[in-house]
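Spelled out, the chains give:
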Amino acid sequence: MRTLLCILACLFLLVPQVSQAACKTSYPLQTVARDLGLMQSALRNLDEQGFRDAGTRLKLGMPCMEAPAPAAVYATAYRLLGALYHLEGDIVQSEAWFHTALELDPGFAWDVRDFDVGHPIRLSFESIGSGLDTTPVAVEGKKIRQPKTGRLLMDGRPLMEPEATLGRPHMVQQISADNKVLDSWVFEGNSFPEQVVKPSFDEPDAGPALVIGEEPTKDKPRRKDKDNDDSGEVVTSTVSANVMDDVVMVERIRPPMKTPLMLVGGASLLGAGGTYAASYLMSQRFEEATTTDEANQLRATTNALVLASGGIAAVGLGLGYWGMLLDGGYGIGIHGRF
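Residues numbered from 1 in each chain as written. Predicted model: local features only at pLDDT ≥ 70, side-chain atom pairs only at ≥ 80, totals over all residues. Heavy atoms only, no water.

1. Examining the overall build of the protein
Definition in use: Comment: elements are numbered from the N terminus, with helices defined as DSSP H or I runs of at least four residues and strands as E runs of at least two. Working definition: with a 1.4 Å probe on protein chains only, accessible area under 20% of the residue-type maximum means buried, over 50% means exposed, and in between means partly exposed. Contact between two residues is taken to exist if any of their heavy atoms lie within 4.5 Å; hydrogens are not considered. To be clear on the numbers: accessible area is Shrake-Rupley with a 1.4 Å probe, and residue cover counts the displayed protein chains and nothing else.
Secondary structure summary: the protein contains 8 helices and 11 strands in total. Each of the 338 residues in the protein was classed as buried or not, and the buried ones make up 29%. Relative to all contacts within the protein whose residues are 6 or more apart in sequence, the contacts with residues 24 or more apart total 67%. Counting every atom, the protein has about 21900 Å² of accessible surface; 59% of that belongs to carbon and sulfur.

Set out below in structure tokens:
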């Protein structure tokens, strides 16, 4: 009987378990960054207790993140979690998290300030990178249950298909429209939770459809197009006025500073020309000066006007060129008739 219970317990441990976050407090990104920095610093200062303390907060807090982060942050967190598990003696969990970290950041290599060349954690990490399989495996008969608003992320990357790499943990997060984490799940391989996937034969969710033209009915047969009309008559298509009340149009958006910059640049060039003309007049008066004091004063004024005209011209050219370079690209505008 005792042997049977041991076998059942081992089988239960082998079944992939989905862990859903049950968070009493959120884990802000500032705290994530702080704990990652403390763990990195503890490694280089050989502070094992500091590494364990910050790592424990990271391990408990990752499923409770307040907002999503770039994939590189998840790679760093998973890598340090692998080092923590290795330090705690759980080599299986350590290598599993190393697998996910290498999948996100395959080019990473430990610095000698983190682990010596022959350190067991470094050797364990490097032994995985040589033969890592990053081919995702899809779940047959399933599709992603996309939220009506927001999105789903897996390890910081968009989740569009029910597929993931096997033999390593993953974390899926449901993100709201305002970029907040609403829920998260940690699971192994492609054992997605029921909240994330659904049968692929389900009816698609009803959503707004863009209909242009009149929908054909039994009483009104579908119009033939010009190429398929056997009568030889040209058939024109009409669009109901109420259908096109709101039209989405793509239009070029002119930057608001483009025209003012070009105008100011042109005006500056004209001002530079006028200043240079004034310096020419002062130069003529310098040639006609009859006293030394008068000549010195006119020469200084002429030189100042020449320098000023050059500076104004440079500013005008810069502003005008900047204005010509501005390009607002394309934007989407909503236009309606009432």
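So much for the structure itself; the text now carries on.
2. What to know about the packing of helix α2 (residues 29-44) against helix α4 (residues 71-87)
Basically, it comes down to this: Only the stretch in contact is used when a helix axis is fitted, and all axes are lines through C-alpha atoms; the angle between N-to-C directions ranges over 0 to 180 degrees. Angles below 35 degrees are treated as roughly parallel, those above 145 as roughly antiparallel, those between 65 and 115 as roughly perpendicular, and all remaining angles as oblique. Each crossing is labelled by how the near helix is turned from the far one, with a counterclockwise turn of less than a right angle marking it left-handed and a clockwise turn marking it right-handed.
Where α2 contacts α4, the axes come no closer than 11 Å and their chain directions differ by 45°. The orientation of α2 with respect to α4, classified from their angle, is oblique. For the pair α2 and α4, the crossing hand works out as left-handed. Contact residues: V32, L36, M39, Q40 and L43 in α2; V73, T76, A77 and L80 in α4.

3. Comments concerning the pairing of strand β7 (residues 169-175)
Our working definition: When DSSP finds two or more bridges between two strands, those strands count as paired.
Along β7, 6 of the 7 residues are buried, which leaves the element largely enclosed by surrounding structure. Taken together, the 4 bridges between strand β4 (residues 151-154) and β7 define a ladder with antiparallel strand orientation. Bridge pairing links L153 to Q173 in β7. Here 7 bridges tie β7 to strand β8 (residues 181-188), and the two strands are oriented antiparallel to one another. Within β8, the residue paired with Q173 across the bridge is S184.

4. Brief notes about the pattern of salt bridges
Selection criterion: Just to be clear on terms, a salt bridge is a Lys or Arg side-chain nitrogen sitting within 4 Å of an Asp or Glu carboxyl oxygen.
As enumerated under the stated definition, the model contains 10 salt bridges in all. Note that D35 and R57 form a salt bridge whose closest N and O atoms lie 3.1 Å from each other. A residue pair is termed long-range when its members are at least 10 positions apart, and D35 in helix α2 and R57 in helix α3 (residues 48-61) qualify at 22 residues. Note that R168 is salt-bridged to E103, the shortest N-O span being 3.1 Å. Placement of the pair is R168 in the loop between β6 (163-164) and β7 and E103 in helix α5 (residues 91-104), with a sequence separation of 65 residues.

5. Some words on the nonpolar core
The line we're drawing: As used here, the term nonpolar core means buried Ala, Val, Leu, Ile, Met, Phe, Trp, Tyr and Cys residues forming a set that is joined through side-chain atoms within 4.5 Å.
Residues F51, L58, M62, M65, Y74 and Y78 are the most contacted members of the largest nonpolar core, which totals 34 residues. Secondary structure elements with two or more residues in this core: α2, α3, α4, α5 and α6 (120-129). By residue number, the principal contributor to this core is α4, which donates 9 residues.

6. A word on the state of the cysteines
As a reminder of what qualifies: Sulfur atoms of two cysteines make up a disulfide when they are within 2.5 Å.
Tallied over the entire structure, the rule returns 1 disulfide. The disulfide partner of C23 is C64, and the gap between their sulfur atoms is 1.9 Å. Its S-S torsion of approximately -85° makes the covalent link between C23 and C64 left-handed. One end of the pair, C23, is in the loop between β1 (19-20) and α2; the other, C64, is in the loop between α3 and α4, and 41 residues separate them in sequence. On the basis of relative accessible area, C23 is assigned to the partly exposed category, the value being 36%. Judged by relative accessible area, which is 13%, C64 ranks as buried.

7. What to know about the packing of aromatic side chains
Using the following cut-off: For this analysis, a ring pair means two rings from Phe, Tyr or Trp (six-membered ring only for Trp) whose centres lie within 6.5 Å, classed as stacked if their planes differ by under 30 degrees, edge-to-face if by over 60, and tilted for the remaining angles.
Taken as a whole and judged by the stated rule, the model has 8 aromatic pairs. Aromatic rings pair up to connect F98, F108, W110, F115 and F125 into one cluster.

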